[in-house]
Amino acid sequence: GIELTSSSAYLAVIDGVGQEDLFFGYNKDDKATPEETSAYLTELLDAVKANGKAVLVTDYCSTPGKMDESYQKNQARGYISFAANRRELDQIPDYPENPNQENADSIGSLSQVKNFLYLLDPEPFSSKQTFIQAISSTNYDLLITDLFFKDGTAFTALELEQLRQKANGGKRLVICYMSIGEAEDYRYYWQSSWKNDPPEWLEKENPNWEGNYKVQYWHPEWQDLIKGYVQKILDAGFDGVYLDIIDGFEYFE
């Protein structure tokens, strides 16, 4: 097995890791991930888990049988999982009817989470209150969502308190998504002048995600932007941050 002793500094500051496409969605949504890929990834994830950290898996599958298989495979390995029926992450799936391992516990830390909902794009929801009501009528232990609603307003401490309410009376954690390896042209920090006169740390657009640009993540200017973003998340009162594009180094290798 893989040992992560050299990563002790990294492990010391995280509560868990997220992995997409572990069993479904690696090459195509609703298709099984190649077994050799799953095997390679599970070896890494098991090493993280052996260090007492939570493993959150998002599989992309929409066929009920495949969603069931995803939950079973993840649960067998001790991972917390979500079968996302849409890559856009803009829906609360209507299958299964209830969250996997549904419970009425109040969740105080990631280690207590049994299931989660990854709902990043609120586009289909007509208003912030509609979005909040939809979430609070579910019993997921954890919500991963954006700092901002589609109207550009950040969630407030009061709204986060509403989002924490499970329908069965328990409380969930609410964690904020943030990309640290790409700049997004719909964020508050984006400057229109960057299209023609980009800062030196801004790289090419991601061909798979329109409006997302690779960044030299080690550059002080980018890091200052990210620190400001984290401060906004902390000020809003989220329970934590879910960092995306932490594999940005692969682009530069």
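Parameters and conventions
Residues numbered from 1 in each chain as written. Predicted model: local features only at pLDDT ≥ 70, side-chain atom pairs only at ≥ 80, totals over all residues. Heavy atoms only, no water. Helix = DSSP H or I, 4+ residues; strand = E, 2+ residues; numbered from the N terminus. Rg over C-alpha atoms; globule rule 2.2 N^0.38 Å. Buried < 20%, exposed > 50% of the residue type's maximum accessible area, 1.4 Å probe, protein only. Contact = heavy atoms within 4.5 Å. Areas by Shrake-Rupley, 256 points an atom, 1.4 Å probe, with all protein chains shown as cover. Lys, Arg positive; Asp, Glu negative; His and termini not counted. Charge placed at Lys NZ, Arg CZ, Asp CG, Glu CD. Salt bridge = Lys/Arg side-chain N within 4 Å of Asp/Glu carboxyl O. Patch = residues over 30% accessible without salt bridge, like charges linked within 9 Å, V, L, I, M, F, W, Y side chains within 5 Å. Core = buried A, V, L, I, M, F, W, Y, C linked by side-chain atoms within 4.5 Å. Arc of directions from axis to C-beta.

### Let's talk about the overall build of the protein chain
Okay, step 1: Assigned secondary structure in the protein chain consists of seven helices and ten strands.
Okay, step 2: Its C-alpha atoms give the protein chain a radius of gyration of 18 Å, within 12% of the compact-globule value 18 Å for 253 residues.
Okay, step 3: For the C-alpha atoms alone, the extent of the protein chain along its principal axes is close to 50 × 45 × 35 Å.
Okay, step 4: Sorting the 253 residues of the protein chain into buried and exposed places 47% on the buried side.
Okay, step 5: Here the analysis covers contacts within the protein chain between residues at least 6 apart in sequence; of these, 71% occur between residues at least 24 apart.
Okay, step 6: For the protein chain, the computed accessible surface area is about 13000 Å², with 48% contributed by carbon and sulfur atoms.
Okay, step 7: Across the protein chain, the 22 positively charged side chains and the 42 negatively charged ones have centroids separated by 3 Å.

### With respect to the pattern of salt bridges
Okay, step 1: By the definition in use, this model includes 16 salt bridges.
Okay, step 2: Residue E69 pairs with K73 through a salt bridge whose shortest N-O separation is 3.2 Å. Highlighted residues: E69 and K73, both in helix 3 (residues 64–76), separated by four residues, approximately one helical turn.
Okay, step 3: Classification of K73 as partly exposed rests on a relative accessible area of 36%.
Okay, step 4: A salt bridge links R164 to E161; the shortest N-O distance between them is 3.0 Å.
Okay, step 5: Note on R164: relative accessible area 10%, which makes it buried.
Okay, step 6: For E161, a relative accessible area of 31% gives the class partly exposed.

### Some thoughts on a nonpolar patch on the surface
Okay, step 1: Together, Y217, W218, F249, Y251 and F252 make up an exposed nonpolar region whose accessible area comes to about 460 Å².
Okay, step 2: Topologically, F252 is positioned in helix 7 (residues 249–252).
Okay, step 3: The exposure class of F252 is partly exposed, given its relative accessible area of 30%.

### Quick notes on the nonpolar core
Where a protein is soluble and globular, its nonpolar side chains tend to be buried together.
Okay, step 1: Formed by 67 residues in total, the largest nonpolar core has its most connected members in F82, Y118, L142, L163 and F238.
Okay, step 2: Every residue in contact with L142, bar those within four places of it in the chain, is listed here: L56, L110, V113, N115, F116, L117, R172, L173 and I175.

### Comments concerning helix 4 (residues 128–136)
Okay, step 1: Residues of helix 4 that are buried: K128, F131, I132, A134 and I135. All buried residues of helix 4 project into a common sector of 160° when viewed along the axis, lining one side.
Okay, step 2: Buried positions along helix 4 lie against strand 4 (117–118), strand 5 (142–145) and helix 5 (157–163).

### Focus on unusual backbone geometry
Okay, step 1: A cis geometry characterises the amide bond from Y95 onward to P96, with omega recorded as -5°.
Okay, step 2: Within the element layout of this structure, P96 appears in the loop between strand 3 (80–84) and strand 4.
Okay, step 3: Of note, the phi angle at Q101 is positive, near 55°, even though the residue is not glycine.
Okay, step 4: Along the chain, the position of Q101 falls in the loop between strand 3 and strand 4.
Okay, step 5: You will see that I245, though not glycine, has its phi angle at about 55°, which is positive.
Okay, step 6: Counting through the fold element by element, I245 comes out in the loop between strand 10 (240–244) and helix 7.
Okay, step 7: For I245, a relative accessible area of 16% gives the class buried.

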